[in-house]
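Commentary on secondary and tertiary structure
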Amino acid sequence: MSRALSILTPDAQYDDDAELERETAGADFAFTIFREREAERIDEAQWRAADALLVWHEVFIDRELIAKLDNCRVIVRAGVGFDHIDLDAAAAAGIPVCNTPDYGTSEVADHAIGMLLAFRRGLMFHDQRLQRSPVAEFKPGAPQVERVRGSRLGIVGLGRIGTATALRAKAFGIEVIAYDPELPRGQEIAVGVSRVDNLAELLETCDAVSLHTPLNEQTHHLIDADALSRMPAHAVLINTARGAVIDIDALYTALVEGRIAGAALDVLPEEPPNMNRPLFAAIERGDERLKDRLILTPHAAWYSPASRADARRLSTETLTRYLRGEGLRNCVNAELLKQYGHH
């Protein structure tokens, strides 16, 4: 290469100066690192000069921003979800968008099962009480405790993480039911789980439901008031996918009215949370109706030091491979690129 290619990261999720990225890419690439949540906080000249974007999940890569990417040849997401990137606008501009699906699978599946166990074994309940009053509260009796073996877990989305979660659940003696309209027939047999063809059946017959679906037009508010009303009153809902898959205001109503037993959320429709939402306003004022009914983690299901290193290394490899002419991998707007005449 005649010059070092410019790689812009607007929202780095690490503390160093892209040391792993620079080591992985080599001397042909120059990295410019920001840690912003808003694109406007980065000078427009930086966007226009970038040969490629290596992005996390804080800054929206929308149509207006893509119009400024004069030199950009590829956008790579250092992570799985890409609902914050306008795939159509990128394709119209001839820019492939790639994600990094081969990291964090184990961590997210572990997190989902951990959330289920936290409810069913009363881990949070007992810990909070014993921390407050070790002698008086030294007794069992958490409200969501139920035998795990023999229970039914519904998994919405049997992709990589959904499958990993299903296999972990089976090891606990849980019967797993999957709903995934995009899944090829017979894939559930390979995993050894049952399958239903409509979401209502899964919701009505499972003791817990874990969401593992991408966020798109079909899955936005997939779990709405109607869906929540179909769940048994003792059921718990787990979301380690994307926040907007659940109508969080409807979830608040279902929790405070006792329509479901509990919810464990690693992802929210707005992150950090919008404190004007009824759920978070209720948390802030200490609403007793939510007590012991809600587990929150800060979009941390994917995280471990090893997982973050994998995301950084693999995303950098995807980007540099393409810029060196070694082909695309994990392209998520390939069909749109074809529609716009880019091959």
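Just so we're clear, the structure is a prediction, and the values are computed from it rather than from any experiment.

A few words now on the packing of helix α5 (residues 105-120) against helix α7 (residues 160-171). Their axes nearest at 8 Å, the elements α5 and α7 cross at an angle of 50°. The angle between α5 and α7 places the two elements in the oblique class. Along this stretch, α5 crosses α7, giving a crossing that reads as right-handed. Contact residues: Thr105, Ser106, Val108, Ala109, Asp110, Ala112 and Ile113 in α5; Arg160, Ile161, Ala164, Thr165, Arg168 and Ala169 in α7.

The next subject is the sheet that holds strand β4 (residues 74-77). If you trace the five strands from one edge of the open sheet to the other, you get β2-β1-β3-β4-β5, paired in parallel fashion. The sheet terminates laterally at β2 (29-33) and β5 (97-98), the two strands that pair on one side only. Where strand β3 (residues 52-55) meets β4, four bridges bridge the pair, whose relative direction is parallel. Residue pairing for β4: leucine 53 is matched across the bridge by isoleucine 75.

This next bit is on the side chain of glutamate 21. Mapped onto the secondary structure, glutamate 21 falls in helix α1 (residues 19-25). Overall, glutamate 21 belongs to the buried group, its relative accessible area being 1%. Only 2.7 Å separates the side chain of glutamate 21 from the side chain of arginine 312, close enough to count as a polar contact. Apart from the residues within four sequence positions on either side, glutamate 21 is in contact with Tyr14, Phe31, Leu54, Arg312 and Thr316.

Neither face of strand β9 (residues 208-211) is exposed, since Ala208 and Ser210 on one face and Val209 and Leu211 on the opposite face are all buried. Bridge count for β9 against strand β10 (residues 236-239) is four bridges, and the pairing is parallel. If you follow alanine 208 over to β10, its bridge partner there is valine 236.

Take the nonpolar core next. Formed by 35 residues in total, the largest nonpolar core has its most connected members in Leu202 and Leu237. Every element with two or more residues in this core is listed here: β7 (175-179), α9 (199-205), β9, α10 (225-229), α11 (248-256), β11 (262-265) and α12 (278-284). Here this core takes seven residues from α11, the largest share from any one element.

Side chains Val74 and Val76 of β4 all project onto a buried face; the interleaved residues Ile75 and Arg77 project onto the opposite face, where all are buried too. Direction of pairing for β4 relative to β5: parallel, over a ladder of two bridges. The residue bridging valine 76 from the neighbouring strand is cysteine 98, located in β5. Running through helix α4 (residues 87-92), the crossover from β4 to the neighbouring parallel element β5 is right-handed.

Next up on the list: α5. The first and last C-alpha atoms of α5 sit 23 Å apart over 16 residues, in line with the 22 Å expected at 1.5 Å per residue. Among the 16 residues in α5, 12 count as buried, and that is most of the element. Here α5 has its buried residues at Thr105, Val108, Ala109, His111, Ala112, Ile113, Met115, Leu116, Leu117, Ala118, Phe119 and Arg120. Looking at the buried residues of α5, the elements they touch are α6 (123-132), α7, β9, β10, β11 and β12 (294-296). Once α5 finishes, glycine 122 follows within two positions and takes phi at roughly 65°, a positive value.

What follows deals with the environment of proline 214. Tracing the sequence through the fold places proline 214 in the loop between β9 and α10. Along the backbone, proline 214 and alanine 142 are 72 residues apart, and their C-alpha atoms lie at a distance of 33 Å. The contact partners of proline 214, leaving out residues within four places of it in the chain, are Thr219 and Val245.

This paragraph deals with the sheet that holds β9. With respect to topology, seven strands assemble into an open sheet ordered β8-β7-β6-β9-β10-β11-β12, the strand pairing being parallel. Taken across any chain shown, the strands that pair with only one partner, and hence form the sheet edges, are β8 (194-195) and β12. The strands touched by α5 within the sheet are β9, β10, β11 and β12, with β10 carrying the most contacts at an inclination of about 155°. Set on the sheet, α11 makes contact with β10, β11 and β12; between it and β11 the angle comes to about 145°.

For the rest of this paragraph, the subject is the layout of surface pockets. Of the pockets and cavities examined, the largest pocket occupies roughly 1300 Å³. Take the lining of the largest pocket: its biggest share by element is three residues, from α7. Class assignment of the residues belonging to the lining of the largest pocket gives a composition of 20 nonpolar, 15 polar and eight charged. In this structure, the second largest pocket is lined by 27 residues; those nearest its centre are His57, Leu268, Glu270, Glu271 and His299.

For the rest of this paragraph, the subject is the pattern of salt bridges. Tallying each qualifying case throughout the model produces 28 salt bridges. Residue glutamate 335 is joined to lysine 338 by a salt bridge in which the shortest nitrogen-to-oxygen separation is 3.6 Å. Linking glutamate 335 with lysine 338, this pair stays in helix α14 (residues 334-339), spanning three residues, or about one helical turn. Through salt bridges with shared partners, one network takes in Glu44, Arg48, Lys68 and Asp70.

Cut-off values and rules
- Each chain has its residues counted from 1, following the order in which its sequence is written.
- Reporting in this predicted model follows two pLDDT cut-offs: at least 70 for local features of residues, and 80 or more for side-chain atom pairs to be given and counted; totals over whole chains, interfaces and linings ignore these cut-offs and use all residues.
- To obtain the side-chain values, all non-hydrogen atoms of the structure were included, while hydrogens and water were left out.
- Here an angle of 0 to 180 degrees is reported between the N-to-C directions of two axes, which are lines fitted to C-alpha atoms, with helices fitted over the stretch in contact.
- A helix here means a DSSP run of H or I that spans at least four residues, while a strand means a run of E at least two residues long, and both kinds are numbered starting from the N terminus.
- Here the word oblique covers every angle except those under 35 degrees (roughly parallel), over 145 (roughly antiparallel) and from 65 to 115 (roughly perpendicular).
- By convention, the crossing between two helices is left-handed when the near helix turns anticlockwise from the far helix through less than a right angle, and right-handed when the turn is clockwise.
- Contacts between residues were defined by any pair of non-hydrogen atoms, one from each residue, lying within 4.5 Å.
- Strands were regarded as paired on the criterion that DSSP finds at least two bridges between them.
- The cut-offs for exposure are 20% and 50% of the maximum accessible area for each residue type, with area from a 1.4 Å probe on protein chains only; residues under the lower value are buried, those over the upper are exposed, and the others partly exposed.
- Throughout this description, a polar contact denotes any pair of N or O atoms lying within 3.5 Å of each other; where both atoms belong to protein, one of them has to be capable of donating a hydrogen while the other can accept it, and for residues adjacent in sequence the pair is counted only when both atoms sit in side chains.
- As used in this record, nonpolar core signifies buried Ala, Val, Leu, Ile, Met, Phe, Trp, Tyr and Cys residues forming a set joined through side-chain atoms within 4.5 Å.
- A clockwise course of the path from the first strand over the helix to the second, judged with the strands pointing away from the viewer, identifies a crossover as right-handed.
- Helix span is expected to be 1.5 Å times the residue number reduced by one.
- A pocket here means an open set of points on a 1 Å grid, computed over the protein atoms alone, that has protein on both sides within 12 Å along at least five of seven lines. A cavity is instead a set of points where a 1.4 Å probe fits but cannot get out; residues with an atom within 4 Å of a point line either one.
- Grid points are joined across faces, edges and corners, and a volume is the space filled by probe spheres set on the points.
- Each residue is assigned to one of three groups, with Ala, Val, Leu, Ile, Met, Phe, Trp, Tyr, Cys and Pro labelled nonpolar, Asp, Glu, Lys and Arg labelled charged, and all others, Gly among them, labelled polar.
- Each salt bridge in this description consists of a side-chain nitrogen of Lys or Arg and a carboxyl oxygen of Asp or Glu lying within 4 Å of one another.

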